[in-house]
Amino acid sequence: MGQILGLHTVIYGVTDIAEAKDWYTQLLQQKPYFDSECYVGFRIGQCELGLNPDARSAISRADGVVAYWAVVNMATQVERLGTMGARQHSDVVDVGEGVLMSSFLDPYGNIFGLIEHPQVQPEVLEQLTE
């Protein structure tokens, strides 16, 4: 298995999180599994769709969307992406419960997000892709 494990989380930047939560609850026909004033998360199959009012100001080219690819070791990937010519777009941040997130600009200006989630193990993802 490669070092990129698979798509884990897509976060949409929103201006009004309460309004967006209501809209996505209706669209997805389910309530969020995580609901706070700074983040709302929905589980869609094996992925997460997140709503974040702070993401809008941090995102430029992607029009408010960043896809986060699951990795096992964030520090290793930060170093690896640096050697590949990617520039760090956002610092590595622990968003709670040991979940680390960061984003990079690829050589073409696209935002490439990484997420290290302690509960996402490579063997679990391998089973999902078989």
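Here the structure is shown first, and the text comes after it.
Quick summary incoming for the structure in this document. Remember, it's a predicted structure, so these values are computed and weren't measured experimentally.

Some thoughts on the environment of Phe-42
As for its placement among the helices and strands, Phe-42 is situated in strand β3 (residues 40–44). Linking Phe-42 and Leu-28, residues 14 residues apart in sequence, is a C-alpha distance of 8.6 Å. With sequence-adjacent residues up to four places away left out, Phe-42 is seen in contact with Lys-21, Tyr-24, Thr-25, Leu-28, Gln-30, Lys-31, Pro-32, Tyr-33, Cys-47, Glu-48, Leu-49 and Leu-51.

Focus on unusual backbone geometry
Residues other than glycine seldom take positive phi values, yet Gln-29 does so here, at roughly 55°. Here Gln-29 shows up in the loop between α1 (17–28) and β2 (34–35). In this structure, Glu-97 is a non-glycine residue whose phi angle is positive, near 55°. On the secondary structure map, Glu-97 appears in the loop between β6 (87–94) and β7 (100–105).

Some thoughts on the sheet that holds strand β4 (residues 47–52)
What the 8 strands build is an open sheet, ordered β2-β3-β4-β1-β5-β8-β7-β6; its pairing is mixed. A single partner strand is all that each edge strand has here, and the edge strands are β2 and β6. Of the strand pairs in this sheet, β3 and β4 are connected by 5 bridges, and their pairing is antiparallel. If you follow Phe-42 over to β4, its bridge partner there is Leu-49.

So, the pattern of salt bridges
All chains considered together, the criterion is met by 2 salt bridges. Notably, a salt bridge pairs Lys-21 with Asp-35, separated by 2.9 Å at the nearest N-O pair. Here Lys-21, found in helix α1, pairs with Asp-35, found in strand β2; they are 14 residues apart in sequence, far enough to count as distant. On the basis of relative accessibility, which here comes to 21%, the residue Lys-21 falls in the partly exposed class. Here Glu-48 ties to Arg-43 by a salt bridge, and the two come within 3.4 Å at their closest N and O atoms. Using a relative accessible area of 8% as the deciding quantity, one classes Glu-48 as buried. Assessed through its relative accessible area of 41%, Arg-43 is described here as partly exposed.

A closer look at the pairing of β6
Pairing analysis gives 5 bridges linking β6 to β7, with the strands arranged antiparallel. Looking across to β7, one finds that Ser-90 is bridged to Ser-103. As consecutive antiparallel partners, β6 and β7 are separated by 5 residues, and within that stretch Gly-96 has a phi angle of approximately 125°, a positive value.

Looking at the nonpolar core
One recurring pattern in soluble globular proteins is that nonpolar side chains are buried together. Leu-5, Ile-11, Tyr-39, Val-66, Tyr-68, Ala-70, Val-99, Met-101, Leu-105, Ile-111 and Ile-115 together form the largest nonpolar core, which totals 11 residues. Those elements giving two or more residues to this core turn out to be β5 (65–70), β7 and β8 (111–116). Sequence-distant contacts of Ile-115, that is, excluding residues within four places in its chain, are made with His-8, Thr-9, Tyr-68, Trp-69, Ala-70, Val-71, Met-74, Val-99, Leu-100 and Met-101.

Points about the layout of surface pockets
Space inside the largest pocket adds up to approximately 800 Å³. Surrounding the largest pocket, 31 residues form its lining, Ile-11, Tyr-39, Val-95, Val-99 and Met-101 being those nearest its centre. Of all the elements in the fold, those that place two or more residues in the lining of the largest pocket are β1 (6–13), β4, α2 (55–58), β5, β6, β7 and β8. Broken down by element, the lining of the largest pocket gets its largest block of residues, 4 residues, from β6.

Conventions adopted
Residues numbered from 1 in each chain as written. Predicted model: local features only at pLDDT ≥ 70, side-chain atom pairs only at ≥ 80, totals over all residues. Heavy atoms only, no water. Helix = DSSP H or I, 4+ residues; strand = E, 2+ residues; numbered from the N terminus. Contact = heavy atoms within 4.5 Å. Pairing = 2+ DSSP bridges. Salt bridge = Lys/Arg side-chain N within 4 Å of Asp/Glu carboxyl O. Buried < 20%, exposed > 50% of the residue type's maximum accessible area, 1.4 Å probe, protein only. Core = buried A, V, L, I, M, F, W, Y, C linked by side-chain atoms within 4.5 Å. 1 Å grid on protein atoms, 1.4 Å probe; cavity = no way out; pocket = protein on both sides within 12 Å on 5 of 7 lines; lining within 4 Å. Points joined across faces, edges and corners; volume = space filled by probe spheres on them.

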